[in-house]
Amino acid sequence: MKIIETLRRQNRTLLEMQAGMVFFGIVCQILGALLIGNRWNYAASLWFGVAFAVAGSIHMCRTLDRALRQGGDAAGIVTRGYLFRYGIVAAVLIVISVTETMNPLVFFLGYMSLKVTAYLQPITHKLCNLFFHETDPVPEPIEEEPKAQEG
């Protein structure tokens, strides 16, 4: 039960994103196992891309937290974080392409799990709520204060 308690303390949105990335990786792995000839290279490239996406999501979360604490220079902090993440991915893609150790397109497919996760988030949110035995609060309308009469 320590694992569940640790997961509860983690940022829920980040956990849901990472669960979506792993799910997307599993789906791509199953499809790749059926369609691709060189399965080991495909699997290594895919899961390396998914691992990079997980690391990118952690960096994105920390960058956003830091930007929200700063206030005034938030846009600059977010932009620098974005450029850093994509600079690293571009460098890794170049190294993979030059050395031919992995398939750069499959690596990029794994990294794109970061984007696919945004669309899977409502599903992973519901699954996490089931896993943790939680429900979302029901939104209620806010009562407006009566306006003061002029005159």
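Residues numbered from 1 in each chain as written. Predicted model: local features only at pLDDT ≥ 70, side-chain atom pairs only at ≥ 80, totals over all residues. Heavy atoms only, no water.

Here we come to the side chain of Gln18. Within the secondary structure, Gln18 is located in helix H2 (residues 12–35). Residue class for Gln18 comes out buried when judged on its relative accessible area of 14%. Apart from the residues within four sequence positions on either side, Gln18 is in contact with Gln10, Val54, Ser57 and Ile58. (Helix = DSSP H or I, 4+ residues; strand = E, 2+ residues; numbered from the N terminus. Buried < 20%, exposed > 50% of the residue type's maximum accessible area, 1.4 Å probe, protein only. Contact = heavy atoms within 4.5 Å.)

Listed in full, the eleven residues of the largest apolar core are Met17, Met21, Val50, Ala53, Val89, Val92, Leu93, Ile96, Phe107, Tyr111 and Leu114. A per-element tally of this core places helix H4 (residues 74–99) first, with four residues. The contact partners of Val89, leaving out residues within four places of it in the chain, are Phe52, Phe107 and Tyr111. The next biggest cluster of nonpolar side chains, apart from the first, holds five residues, and it includes Phe24, Cys28, Leu46 and Val106. (Core = buried A, V, L, I, M, F, W, Y, C linked by side-chain atoms within 4.5 Å.)

Close reading of the predicted structure is inappropriate where its pLDDT is low. Confidence in the prediction for the chain averages 85 pLDDT; 91% of positions are at 70 or higher. Averaged over each element, pLDDT in the chain is lowest for helix H1 (residues 2–9) (66) and highest for helix H5 (residues 104–111) (92). (pLDDT = per-residue confidence, 0-100.)

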